[in-house]
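Residue-level listing of the chains:
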Amino acid sequence: MTVHRIVDHELSLSLPRHWTTRDRPAPGLVLEARSPVVPASGFAPELALRTVPLDDLPTPPGGWDVEDADEFELSGRTVGYERLGHVVGTTDLVTDQWTWIVGDTAVVLTGTVARAEYADYCDVFEDVAATVDLTPLGGGPGSVRLAGARW
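What comes next is a walk through the structure. (Residues numbered from 1 in each chain as written. Predicted model: local features only at pLDDT ≥ 70, side-chain atom pairs only at ≥ 80, totals over all residues. Heavy atoms only, no water.)

### Details of the pattern of salt bridges
- For the structure on display, the rule yields six salt bridges.
- The closest approach of N and O atoms between Arg83 and Asp68, which form a salt bridge, is 3.8 Å. In this pair, Arg83 is assigned in strand β7 (residues 77-88) and Asp68 in strand β6 (residues 65-74), connecting sequence segments 15 residues apart.
- In this structure Asp68 comes out as partly exposed when scored by relative accessible area, which is 31%.
- Three or more residues are tied together by salt bridges with common partners; here these are Glu67, Asp68, Arg83, Asp92 and Arg115. (Salt bridge = Lys/Arg side-chain N within 4 Å of Asp/Glu carboxyl O. Helix = DSSP H or I, 4+ residues; strand = E, 2+ residues; numbered from the N terminus. Buried < 20%, exposed > 50% of the residue type's maximum accessible area, 1.4 Å probe, protein only.)

See the structure below:
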């Protein structure tokens, strides 16, 4: 179990068993996971977990199309969902994005895959999002524990 300073919650989630992960690879990026399998498109599916102060919550840059948007309850918490289409180089990509609000911070989970393989990975992304659990800590403001499990 790794301890991260984010907000006063414990954040746990389950990831696909053989995906490679990196903790804290960049500022604001809590976790990054990538499939060991590179599909025919040449783009390895990836998951990313970020924290963003609400004041700095970006809007998708030009070239990102909002294909679906919704808000619903997931594991007892309200979550915003968006499916975004975008192109990187010559690869048409789809990103599923879930956003939870914790105090003045957005916790954002994204799953990105080439559009051609979206049907193969959208359930994987949804399964990971369904395992996100944010539980208040008794340890005081500013601390979060990130617990990762594998299936």
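### Some points on empty space enclosed by the protein
- Using the criterion set out here, one finds one cavity of 30 Å³ or more in the structure.
- Of the volumes computed, that of the largest cavity is approximately 30 Å³.
- As for the largest cavity, its lining consists of Leu74, Ser75, Arg77, Trp100, Val132, Asp133 and Leu134.
- Split into classes, the residues belonging to the lining of the largest cavity amount to four nonpolar, one polar and two charged. (1 Å grid on protein atoms, 1.4 Å probe; cavity = no way out; pocket = protein on both sides within 12 Å on 5 of 7 lines; lining within 4 Å. Points joined across faces, edges and corners; volume = space filled by probe spheres on them. Nonpolar A, V, L, I, M, F, W, Y, C, P; charged D, E, K, R; others polar.)

### Topic: the packing of aromatic side chains
- Counted by the stated rule, this structure contains two aromatic pairs.
- Here Trp19 and Tyr121 contribute two aromatic rings whose centre-to-centre distance is 6.5 Å and whose plane-to-plane angle is 55 degrees, an arrangement assigned as tilted. Of the two residues, Trp19 is situated in the loop between β2 (9-15) and β3 (20-26) and Tyr121 in helix α1 (residues 118-131); the sequence distance between them amounts to 102 residues.
- By relative accessible area, which is 14% here, Tyr121 ends up buried.
- Here Tyr81 and Trp98 contribute two aromatic rings whose centre-to-centre distance is 5.4 Å and whose plane-to-plane angle is 50 degrees, an arrangement assigned as tilted. Here Tyr81, found in strand β7, pairs with Trp98, found in strand β8 (residues 91-102); they are 17 residues apart in sequence, far enough to count as distant.
- Classification of Tyr81 by relative accessible area gives buried; the value is 10%. (Phe/Tyr/Trp six-rings, centres within 6.5 Å; stacked < 30°, edge-to-face > 60°.)

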